[in-house]
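# Survey of secondary and tertiary structure
The lines below spell out each chain.
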Amino acid sequence: MENLPLPEKLRPKTLSQFVGQKRLVGKDGVIRKLLTNVKNTKFFPSIIFWGPPGSGKTTLARIIANTLNRDFFEFSAVNTSINDVEAVIKRVDQESPGQLQLVKKEAKITKKVKGAPIVFIDEIHRFNKAQQDKLLPYVERGNIVLIGATTENPSFAVIGPLMSRCRVLVLEQLTDKELAIIIKRGEKHLKVNLSKDTRNFLVESSNGDARVALIVLEIAKNLSSEGEIKLQSIEQALQRRQLEFDKKGEEYYNVISAYIKSMRASNVDAALYYLARMVVAGQDALYIARRMVIFASEDIGMAQPTALVVANEVFRACETIGYPECAINLAHGTVYLAKAKKDRASYEAYFRAVGDVKKHGNLPVPLKIRNPVTKLMEDLDYGEGYEKYTKESLLPDKLKGKKYYKN
């Protein structure tokens, strides 16, 4: 179809064409193993894909249905009622395999052969509890294989009974390398070229979302009169001036470095400024939150132990809420961490210990603190003389009296 968007034109049909999610579809990935074993067992579980936009949830659902050669019903909870879904499912029992009819126009049905049909519901978290409840009997009896997709944490967005009947599979944001591969496929299909710098800019601006990258590429192609798409066309297609990262990625790291160093110096205003730079540039909220969690232990540590609790809660908020609202949580956490007292003693102590581990290898653990789990171990004096609250050094003999933690 001429008007079919580029992401649809390039959507992979098989696992071999799929880019990313190696943990799920790689050689030892759970999806690949399930699809291999189903030839013998005929079993495929109901699953829920949880991952960011453009990470491949819909594509994987279609690949699974295609590989299993099953009837495939695709819905979006955004514009479909649960009654529409139920109507299609009930028709399965009344129609012979391969003769299924389109009950509601919102459902996309691919006619396949006999077997439990696959019902794919995108944005399943948008169905309320009562609507999700209606899916339970069909999933429990095995009338359907349900594949749900959500960008929200299913622990909060999907009811417990449905969660217990489905396997939750987590999709990760596409890496820059994976996104570049997808963009190059788009270039080949559109018969255009991007310079390395322009491609890197598109990768960074797409924030791990393959759909965004391909849509922007297609728009930029139509804004360009030449075979090579310029950076300006990508910026126009994005419809906002991106905060430019250095062509070799230096500015990308400069900003996060400035953010961390500003918090370390307890400079709240500078930390908020660099946070805003990253948020406006489209930096992944979880990336920022992860750095906050690290900072809480590395730079604040025992001076204010609650910093780690706050940082973890900010990470969880970003996970469950997402942009744009979670920017407020990031700002809250940034101010807290910047204002907190600083103490790197535990961080530095750990790396002193690491230094000795690398230098001395696996030194024997003193007998008195070994665990005597067998009679032989007891006979060898494992645990002999152990005192719970001893002041004695419990380090290996070669390191007796060594002090790592200096407060």
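From a predicted model like this one, the values you see are computed outputs, not experimental measurements. (Residues numbered from 1 in each chain as written. Predicted model: local features only at pLDDT ≥ 70, side-chain atom pairs only at ≥ 80, totals over all residues. Heavy atoms only, no water.)

Pro-324 follows Tyr-323 through a cis peptide bond whose omega is 0°. Here Pro-324 lies in the loop between α17 (306–321) and α18 (326–339). Within the chain, Asn-69 stands out as a residue other than glycine whose phi angle is a positive 60°. Checked against the element boundaries, Asn-69 lands in the loop between α4 (57–68) and β2 (70–76). For Asn-69, a relative accessible area of 31% puts it in the partly exposed group. Although it is not a glycine, Glu-123 sits at a positive phi angle of roughly 55°. The residue Glu-123 is located in the loop between β4 (113–122) and α6 (129–133) in this model. (Helix = DSSP H or I, 4+ residues; strand = E, 2+ residues; numbered from the N terminus. Buried < 20%, exposed > 50% of the residue type's maximum accessible area, 1.4 Å probe, protein only.)

So, on to the packing of aromatic side chains. Within the structure shown, the criterion is met by four aromatic pairs. Three or more aromatic residues joined by ring pairs make a cluster, and in this case those are Tyr-347, Tyr-350 and Phe-351. When the ring centre of Tyr-382 is taken as origin, the NZ or CZ atom of Arg-370, which lies over that ring, is 5.1 Å away. (Phe/Tyr/Trp six-rings, centres within 6.5 Å; stacked < 30°, edge-to-face > 60°. Lys NZ or Arg CZ within 6 Å of the ring centre and 35° of its normal.)

If you trace the backbone, Ala-180 turns up in helix α10 (residues 176–190). Note on Ala-180: relative accessible area 17%, which makes it buried. In sequence terms Ala-180 and Glu-204 are 24 residues apart; their C-alpha atoms lie 9.8 Å from each other. Excluding its chain neighbours within four sequence positions, the residues that come into contact with Ala-180 are Arg-199 and Val-203. (Contact = heavy atoms within 4.5 Å.)

This part is about the confidence of the model for the protein chain. Confidence in the prediction for the protein chain averages 84 pLDDT; 89% of positions are at 70 or higher. When mean pLDDT is taken per element in the protein chain, α18 scores highest with 97 and strand β3 (residues 108–110) scores lowest with 48. Counted against residues more than four places away or in other chains, residues 96–107, with its pLDDT under 50, gives 28 contacts. (pLDDT = per-residue confidence, 0-100.)

This part is about a nonpolar patch on the surface. A cluster of nonpolar side chains, contributed by Val-365, Ile-369, Tyr-386 and Leu-394, occupies part of the molecular surface with about 330 Å² of accessible area. Looking at where Ile-369 falls in the secondary structure, it is placed in the loop between α19 (345–360) and α20 (375–379). (Patch = residues over 30% accessible without salt bridge, like charges linked within 9 Å, V, L, I, M, F, W, Y side chains within 5 Å. Areas by Shrake-Rupley, 256 points an atom, 1.4 Å probe, with all protein chains shown as cover. Salt bridge = Lys/Arg side-chain N within 4 Å of Asp/Glu carboxyl O.)

The next point concerns the side chain of Asp-209. Within the secondary structure, Asp-209 sits in the loop between α11 (196–206) and α12 (210–223). Buried and without a salt bridge, Asp-209 has Arg-211 as its closest oppositely charged side chain, separated by 4.3 Å. Polar contacts involving the side chain of Asp-209 include one to the main-chain amide nitrogen of Arg-211, which spans 2.9 Å. At 3.2 Å, the side chain of Asp-209 forms a polar contact with the backbone nitrogen of Val-212. Setting aside anything within four residues of it in sequence, one finds Asp-209 in contact with Pro-53, Gly-54 and Leu-179. (Lys, Arg positive; Asp, Glu negative; His and termini not counted. Polar contact = N/O pair within 3.5 Å; in protein donor to acceptor, adjacent residues only side chain to side chain.)

A few words now on helix α13 (residues 231–238). Ser-233, Ile-234, Glu-235, Ala-237 and Leu-238 are the residues of α13 that are buried. For α13, the secondary structure elements touched by its buried residues are α11, α12 and β8 (228–229). Looking at the residues trailing α13, positive phi occurs at Gln-239, about 65°.

Turning our eyes to something else, we now look at the nonpolar core. Ranked by size, the top nonpolar core spans 27 residues in total, and within it Tyr-259, Met-263, Ile-288, Met-292, Cys-318, Leu-330 and Leu-337 carry the most contacts. Secondary-structure elements contributing two or more residues to this core are α14 (250–264), α15 (268–280), α16 (285–300), α17 and α18. Setting aside chain neighbours within four positions, we find Tyr-259 in contact with Ala-271, Tyr-274, Leu-275, Met-278, Ile-288, Met-292 and Thr-334. By size, the runner-up hydrophobic cluster in this structure holds 24 residues, among which are Val-30, Ala-61, Val-145 and Leu-171. (Core = buried A, V, L, I, M, F, W, Y, C linked by side-chain atoms within 4.5 Å.)

What follows covers α16. If you check α16, its first and last C-alpha atoms are 21 Å apart, about what 16 residues at 1.5 Å a residue would give, namely 22 Å. At Ile-294, α16 shows its maximal bend, which comes to roughly 25°. Regarding α16, the residues found buried are Ala-285, Tyr-287, Ile-288, Ala-289, Met-292, Val-293, Phe-295, Ala-296, Glu-298, Asp-299 and Ile-300. Positioned one or two residues after α16, Gly-301 has a phi angle of 50°, which is positive. (Expected span 1.5 Å × (residues − 1). Bend = angle between axes of the 7 residues up to and from the residue.)

Our focus in this paragraph is the pattern of salt bridges. Taken as a whole, this structure holds 19 salt bridges when the rule is applied. Between Arg-126 and Glu-123 there is a salt bridge, with its nearest N and O atoms 3.9 Å apart. On the basis of relative accessible area, Arg-126 is assigned to the exposed category, the value being 52%. Ionic pairing is found between Glu-298 and Arg-344, a salt bridge with its closest N-O pair at 3.5 Å. With Glu-298 in helix α16 and Arg-344 in the loop between α18 and α19, the pair connects residues that are 46 residues apart, well separated along the chain. The exposure class of Glu-298 is buried, given its relative accessible area of 18%.

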